[in-house]
Amino acid sequence: MDFHVLVDRVRSEFREMPGLQLTPAQASRLLGIEPAACRSVIDALINAAFLRRTSAGTIVRSES
């Protein structure tokens with residue numbers, strides 16, 4: 001699957017589920033994305049300031 005499609009899909013999931021908090025492994029399983037690809041998508045969304053990592057190591061949507 002195209003990287004940009006995956007980024008849009010993950011962004012949509014976090015928009016549709018306010019308060020969603022996942023580890024990268026949980027995100028990979030929930031979204032059906034291979035772990036390495038999921039980490040790349042998460043990193044891209046963190047760099048875009050859409051997601052952030054918590055001190056516990058989970059991924060959450062950044063507050064705007």
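Residues numbered from 1 in each chain as written. Predicted model: local features only at pLDDT ≥ 70, side-chain atom pairs only at ≥ 80, totals over all residues. Heavy atoms only, no water.

1. Considering the side chain of Ser-62
Following the sequence through the fold, Ser-62 ends up in the segment after β3 (59-61). According to the relative accessible area criterion, Ser-62 is buried, its value standing at 14%. Polar contacts involving the side chain of Ser-62 include one to the main-chain carbonyl oxygen of Ala-49, which spans 3.5 Å. Setting aside anything within four residues of it in sequence, one finds Ser-62 in contact with Ala-49, Phe-50, Leu-51 and Arg-52. (Helix = DSSP H or I, 4+ residues; strand = E, 2+ residues; numbered from the N terminus. Buried < 20%, exposed > 50% of the residue type's maximum accessible area, 1.4 Å probe, protein only. Polar contact = N/O pair within 3.5 Å; in protein donor to acceptor, adjacent residues only side chain to side chain. Contact = heavy atoms within 4.5 Å.)

2. Some words on the sheet that holds strand β2 (residues 51-53)
Ordered by their spatial adjacency, three strands build an open sheet running β1-β3-β2, and the pairing between neighbours is antiparallel. Strand pairing shows two members of the sheet lacking a second neighbour, β1 (21-22) and β2, which therefore form its edges. Relative to β3, β1 runs antiparallel, the two sharing two bridges. Paired with Leu-22 across the bridge in β3 is Ile-59. Packed on one face of the sheet, helix α1 (residues 3-16) meets β1, β2 and β3 and runs near 70 degrees to β3. (Pairing = 2+ DSSP bridges. Axes fitted to C-alpha atoms, helices over the stretch in contact; angles between N-to-C directions.)

3. Some details on helix α3 (residues 35-47)
For α3, spanning 13 residues, the distance from its first C-alpha to its last is 18 Å, which sits close to the expected 18 Å at 1.5 Å a residue. Taken together, the buried positions of α3 are occupied by Cys-38, Val-41, Ile-42 and Leu-45. Down the axis, α3 shows its buried residues gathered within 100 degrees of arc, on one side only. Buried residues along α3 sit against α1, α2 (24-31), β2 and β3. Immediately downstream of α3, the backbone of Ala-49 shows phi near 65 degrees, a positive value. (Expected span 1.5 Å × (residues − 1). Arc of directions from axis to C-beta.)

4. Section: the packing of α1 against α3
To characterise two packed helices, one gives the angle between the axes of the helices and the distance between these axes. In the contact formed by α1 and α3, the axes pass within 10 Å of each other and the chain directions differ by 70 degrees. The angle between α1 and α3 places the two elements in the roughly perpendicular class. Along this stretch, α1 crosses α3, giving a crossing that reads as right-handed. Taken together, the residues of α3 that come into contact with α1 (itself represented by Phe-3, Leu-6, Val-7, Val-10 and Arg-11) are Ala-37, Ser-40, Val-41, Ala-44 and Leu-45. Its residues assigned to classes, the contact of α1 with α3 shows eight nonpolar, one polar and one charged. (Parallel < 35°, antiparallel > 145°, perpendicular 65-115°, else oblique. Left-handed = near helix turned anticlockwise from the far one by under 90°. Nonpolar A, V, L, I, M, F, W, Y, C, P; charged D, E, K, R; others polar.)

Function cannot be read off these values alone, since they describe shape.
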